[in-house]
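Survey of secondary and tertiary structure
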Amino acid sequence: MKKYIPAIRKNRYCFILAPILMILEAAGEFILPYLNANIIDKGAATGDIAYIVQNGLLMAATAIFMLVCGVGGAYFAIKGASLLAADVRGNTFQKIQKLSFAEIDGFSTGSLITRITNDITQIQNFTQSLLRGCCRSPVMLIGALCMSFVLNPGLAAVICTVMVLLVLLIYLLIRTASPRYTVMQEKLDGLNNRINETIINERVIKSFVREEYEKERFLPINEVLMEKSVRALKIMILMQPVSTLAINVTTLAVVWIAGRQIMVGDMTVGALTAFITYLTQILTALNFLANIFLQGTRAAASNRRISEVLNARISVSDESAREKEKKVTMGSVTFEHVSFAYDAAREDMVLKDINLQFLPGQFISIVGSTGSGKSTLISLIPRLYDALSGTVRVDGTDVRDYSLRSLRDGIAVVLQKNMLFSGTIEENLRWGNEQASREELEKACRIAHAEEFINSFPEKYETHLEQGGQNLSGGQRQRLCIARALVKQPKILILDDSTSAVDMATDAGIRRALREELGDITKIIIAQRISSVMDADQIVVMNDGRVEDMGTHRELMARCRTYQEIYYSQKEKEEDAQ
Ligand SMILES: Nc1ncnc2c1ncn2[C@@H]1O[C@H](COP(=O)(O)OP(=O)(O)OP(=O)(O)O)[C@@H](O)[C@H]1O
Ligand SMILES: [Mg+2]
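In this report, the structure presented in the accompanying data block is examined. In this text, all values refer to a predicted model and were calculated from it rather than measured experimentally.

Cut-offs applied
Residues numbered from 1 in each chain as written. Chains lettered and ligands numbered in written order. Predicted model: local features only at pLDDT ≥ 70, side-chain atom pairs only at ≥ 80, totals over all residues. Helix = DSSP H or I, 4+ residues; strand = E, 2+ residues; numbered from the N terminus. Rg over C-alpha atoms; globule rule 2.2 N^0.38 Å. Contact = placed C-beta atoms within 7 Å. Pairing = 2+ DSSP bridges. Axes fitted to C-alpha atoms, helices over the stretch in contact; angles between N-to-C directions. Parallel < 35°, antiparallel > 145°, perpendicular 65-115°, else oblique. Left-handed = near helix turned anticlockwise from the far one by under 90°. Nonpolar A, V, L, I, M, F, W, Y, C, P; charged D, E, K, R; others polar. Expected span 1.5 Å × (residues − 1). Bend = angle between axes of the 7 residues up to and from the residue. Near = placed C-beta within 6 Å. Buried ≥ 20, exposed ≤ 12 C-beta atoms within 10 Å, placed from the backbone. Core = buried A, V, L, I, M, F, W, Y, C linked by C-beta atoms within 7 Å.

With respect to the overall build of the chain
Check the secondary structure of the chain and you find 20 helices and 12 strands. For the chain, whose C-alpha radius of gyration is 35 Å, the value lies well above the compact-globule estimate of 25 Å for 578 residues. With the principal axes as the frame, the chain shows a C-alpha extent of 120 × 50 × 45 Å. Looking at the chain alone, contacts between residues at least 24 apart form 79% of all its contacts between residues at least 6 apart.

Observations regarding the sheet that holds strand β6 (residues 411-414)
Backbone hydrogen bonds hold the strands of a sheet together, and the pairing may be parallel or antiparallel. Spatially, β6-β9-β10-β3-β11-β12 is the arrangement adopted by the 6 strands of the open sheet, whose pairing is mixed. Lying at the two open borders of the sheet, with one neighbouring strand each, are β6 and β12 (546-551). Here the average twist between neighbouring strands, direction ignored, is 15°. In terms of strand pairing, strand β9 (residues 492-496) meets strand β10 (residues 522-526) through 5 bridges, oriented parallel. By the bridge assignment for β10, D496 is matched with I526. Against the sheet, helix α17 (residues 474-487) makes contact with β6 and β9, and its axis sits at roughly 175° relative to β6, the strand it touches most.

Observations concerning the packing of helix α2 (residues 12-46) against helix α3 (residues 49-98)
Contact pair α2 / α3: the axes reach a minimum separation of 7 Å and the direction vectors enclose 160°. As judged from the angle between their axes, α2 and α3 are roughly antiparallel. When the axes of α2 and α3 are compared, the crossing they make is left-handed. Residue composition of the contact of α2 with α3, grouped by class: 22 nonpolar, 11 polar and 3 charged.

Overview of the sheet that holds strand β1 (residues 333-340)
If you walk across this open sheet you meet the 4 strands as β2-β1-β4-β5, and the pairing is antiparallel. If you trace the sheet from one side to the other, it starts and ends with β2 (351-358) and β5 (397-398), each paired once. Pairing of β1 with β2 involves 5 bridges; the strand directions are antiparallel. Among the inter-strand pairings, T334 is bridged to a residue of β2, identified as Q357.

Some remarks on helix α5 (residues 109-133)
Spanning 25 residues, α5 covers 36 Å between terminal C-alpha atoms, matching the ideal 36 Å at 1.5 Å per step. At R115, α5 is bent by approximately 35°, the largest bend along its length.

Digging into the site of ligand 1
Around ligand 1 lies a shell formed by D105, Y342, V350, G368, T370, G371, S372, G373, K374, S375, T376 and Q416. A total of 3 residues in the shell around ligand 1 trace back to one element, the largest contributor, which is helix α12 (residues 374-379). Of the residues that constitute the shell around ligand 1, the class distribution is 2 nonpolar, 8 polar and 2 charged.

Digging into the pairing of strand β11 (residues 538-543)
β11 sits mainly inside the fold: 5 of its 6 residues count as buried. Pairing analysis gives 5 bridges linking β11 to β12, with the strands arranged antiparallel. Among the inter-strand pairings, V541 is bridged to a residue of β12, identified as D549. The turn joining β11 and β12, which pair antiparallel and follow one another in sequence, is formed by 2 residues; a positive phi near 50° is taken by D544.

Description of the nonpolar core
In this structure, I381, A444, A448, I482, A483, I492 and I494 are the most contacted members of the largest nonpolar core, which totals 69 residues. The element that contributes the greatest number of residues to this core is α17, accounting for 7 residues. Excluding its chain neighbours within four sequence positions, the residues that come into contact with I381 are V333, V392, V394, V399, I411, I492 and I494. Ranked by size, the runner-up nonpolar core spans 58 residues in total, among them F15, F76, L141 and F275.

Spelled out as structure tokens, the structure:
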């Protein structure tokens, strides 16, 4: 509950005014039937017009007062609930930004989206109902009950009996519905995951003509959600008719008993009218309270899911960093007995006892078969993940001792699955460094061989990119991502298979430019093509999570079998292609 307190405190006027106005409105509800009874019993019975007019005006004034309070109360309830939801949504979003890759892998994108949208909406709806009804309904219930006891204690006892039965029934309904709502929410998660994955990969699906297959996969998930929703909601459908039945049956009983009393002169017609109104109020209030309870159970499930995100322990943090002020200045990287697994509980390590040293300014290449752990290896340098054992050092300092900001400021990574954002090319480039001058942007684009195609667009650097940079070619996207990384002016530049969609000549051109213009930056480049790595200062050969060898092209050709195999298999392919 702690997460809601700051928002409640900040907007306390909504959280105070809404219930007060609603209570005032409820007060009017008791006065109206009372005045009405007076008109019937005292005014109409004796023909006292002045009395009728006086009470009529009082009723009109009460009705207007109730209208003002009702509208005001509803307004502040909506406002308070919306502000609370906005606050929690903001905090959840911020927390998601802080989550490290490991936690994001754990939650799944679809589930995070459901939590930040649907789950927070449940909390908002509940808060709104709570503000409107938490005081009003009990006040109405108790008030109307007291008034009915004042009017006729015998009849009031009948109402009490019905009330107890109704409360029991509502309790049973809620107890059955509550777990069903939790299941419904989980199924919604599954659906969102599916939708998320499908929409992101729409182009792949189309190119593989898999629309039908995806439809088939979607249908059962959609159907299950529908079934679970019906299962949960059908219980609640019962609530309204059950309450109405209770009102009708009780009214009938009251009229029957009261009719006899009226005949013998123990009760007036006016009192009966008032009594029936109180009866309706009691049962309506009860119904409203039951609805709040029900929304509460749904909100509790949503609250748990939001808390899971907000309380998630961030595995990569710099809270205990010992050299927070330190910046990356040289660009050396050392791996000392580093082992890593994505799932710490599993035995098989993705990286096994890695020992490496890269010196400042070196041009390092990493090769190895797919799945050998290359991307995993480089992801430990900027702490996208933390090593399970061993130490990764940058400039001789454990990466865990830097503040995340200084560490990542000093390192630019172009990930294998890189992404651009919607906005202009310039805005995308400035992601690396807001303050970069135009010359710096142009220099980065020149090195990344992106200048030519950018200048071929009519709007050049102002060209608008669609979401994910979809309106660029694969190679253009990759070159822009390299330029974006260079704008950061890092000390260590890591490119993970970042020129795979670029032709060989441009690839060679980019490498030459990196070497010539960025002499003092450590360049770590993962590549599939041997031709791309041959001129590196050091080539690291990865095999099944281990460093099999490290050396220059010539050294490795002389002694490393895996390297020779990769070299010859690629040569054969090239010859076949010719
Ligand atoms: N986020 C992840 N969660 C769990 N396992 C992962 C994750 N990413 C990679 N792996 C596993 O770790 C191993 C190494 O993957 P990695 O991506 O480092 O290989 P790679 O050498 O970069 O391969 P490629 O050349 O295909 O890019 C693989 O077995 C892969 O299945
Ligand atoms: Mg990889």
